[in-house]
Amino acid sequence: MSTVQDNTRPEQEDLTYGDIVWSQFRKNTIAYYSMWALVSLFLLAIACPLIASDRPFVWTEAGVTSYPWISSLVDRNYFENSIDIFFNLLLIVGTPLFGVWMAYVKQVQKQKLNKRPRRRKMQRVGLVFIAAFFVIFIGTLTANHSEPYKQYYELHQQSEAGEMDTEISATFPPIPYGYRKTGFKSLEKPSSEHWLGVDQSTRDVAVRMLYGTRIALSIGVIAVSIYVAIGIVIGSIAGFFGGIVDLLIVRMIEIFMAVPRLIVILTLLAFIDNASIFHIMLVIGLLGWTGVARLIRGEFLRLRNLDFVTSAIALGFPTRRIIFQHLLPNALAPVLVSATFGVAAAILIESTLSFLGLGDVSVPSWGQTLSEGYSTFALHLIFAPGFAIFMTVSLLNLVGEGLRDALDPKMRK
């Protein structure tokens, strides 16, 4: 009797660790939709100039048509803060680059290639696009911009009132003024013209809340990136080498953890004249690495005696390669959860500093608006930033909890 092999059975692709975590994360409905809410918040931060700007999309004066909105996105005289320039470049450069990269990913996925080469090609293309974006970003920051600040909105109002001889036609964003625009009625209540009212400095609160999204997300991500990088390096060294090296690093971590972080931040910023948002990011980043270092150290202590590490050492691999290519990828799971909670904590710290008057006064921070609400007892200046901080921090915490449960094998269903 002959046996016939059945080759018609479809081959099932093995699930990677990332696929398993993602499938578990999607089962947590609250965390899943919180993640998309954060994505929407990030997209809103990118699209700020499309919603609020006193530079018109199209400006026609004396028969001559220009497009001031496009040039304003990279104008350092108009957007003085580097964070605004970064998000503006994401809007005008990053969006098409991301579209091209996604098209390439789909094209590669259609081809019958092995899994590993396909991922390597996508990673290389992604790195090329990221490098191109940052080259453009640095070039924009170092370029000289001499275009004077022009009061387009005021000129358009004068033209409509018949106070000018020149005929002007313009198309503005839905909110036709920026976050530095002053001259409105102080402490005006929310209305159809000013959706969230006006603050004590006669600035529109809705516009400042909108652009404050950029500050909150930036300070959270950048500060956390700084202390995660520091914590990974220090924790990896302590966990891998052990002995006296581990002992000294653990004692140093305990010393840093014994010092109240907020008190140290307040003390350091008090010695800095005109503290910028980047000073705040740096200080938070340099003081928050202890938790990440302890997590990485614990994971390295657990992993360093496993067979794959012993085999790598026996084969004579360099220490740097064993730490960063073999051990570190297997130890990053708890760090991702810690980083998610850390972004929320960094946003709270920056809001606290701005509320106390130690933040960067040149940026539209939510803490500044909350501070004005506290000093004037204007409810619209309290509820608007308070709700924004509460929602952003809550969404980050929900995503962090969902990610923690998805990474825990005991919680998988």
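Structure shown above.
Figured I'd write up the structure that's included with this text. (Residues numbered from 1 in each chain as written. Predicted model: local features only at pLDDT ≥ 70, side-chain atom pairs only at ≥ 80, totals over all residues. Heavy atoms only, no water.)

1. Some details on the packing of helix α10 (residues 261–270) against helix α11 (residues 277–287)
With their axes 10 Å apart at the nearest point, α10 and α11 run at an angle of 140° to one another. Considered as vectors, α10 and α11 are oriented oblique to each other. Of the two possible hands of crossing, α10 and α11 adopt the one that is right-handed. Contact residues: R261, V264, I265, L268 and L269 in α10; H279, I280, V283, I284 and L287 in α11. (Axes fitted to C-alpha atoms, helices over the stretch in contact; angles between N-to-C directions. Helix = DSSP H or I, 4+ residues; strand = E, 2+ residues; numbered from the N terminus. Parallel < 35°, antiparallel > 145°, perpendicular 65-115°, else oblique. Left-handed = near helix turned anticlockwise from the far one by under 90°. Contact = heavy atoms within 4.5 Å.)

2. Quick word on the side chain of D199
Note on placement: D199 falls in the loop between β3 (168–171) and α8 (205–241). A relative accessible area of 2% means that D199 is categorised as buried. Here the side chain of D199 touches S201 through a polar contact of 3.1 Å, landing on its backbone nitrogen. Here D199 is in contact with S186, L187, V205, R208, E372 and L381, once residues within four sequence places are set aside. (Buried < 20%, exposed > 50% of the residue type's maximum accessible area, 1.4 Å probe, protein only. Polar contact = N/O pair within 3.5 Å; in protein donor to acceptor, adjacent residues only side chain to side chain.)

3. A look at the pattern of salt bridges
Taken as a whole and judged by the stated rule, the model has eight salt bridges. A salt bridge links R297 to D246, with the shortest nitrogen-to-oxygen separation between them at 2.5 Å. Of the two residues, R297 sits in helix α12 (residues 290–303) while D246 sits in helix α9 (residues 243–258), which places them 51 residues apart along the sequence. Taking the relative accessible area as the measure of exposure, R297 reaches 23% and is therefore partly exposed. By relative accessible area, D246 is classed as buried at 10%. Residues participating in the shared-partner salt-bridge network are D199, R203 and E372. (Salt bridge = Lys/Arg side-chain N within 4 Å of Asp/Glu carboxyl O.)

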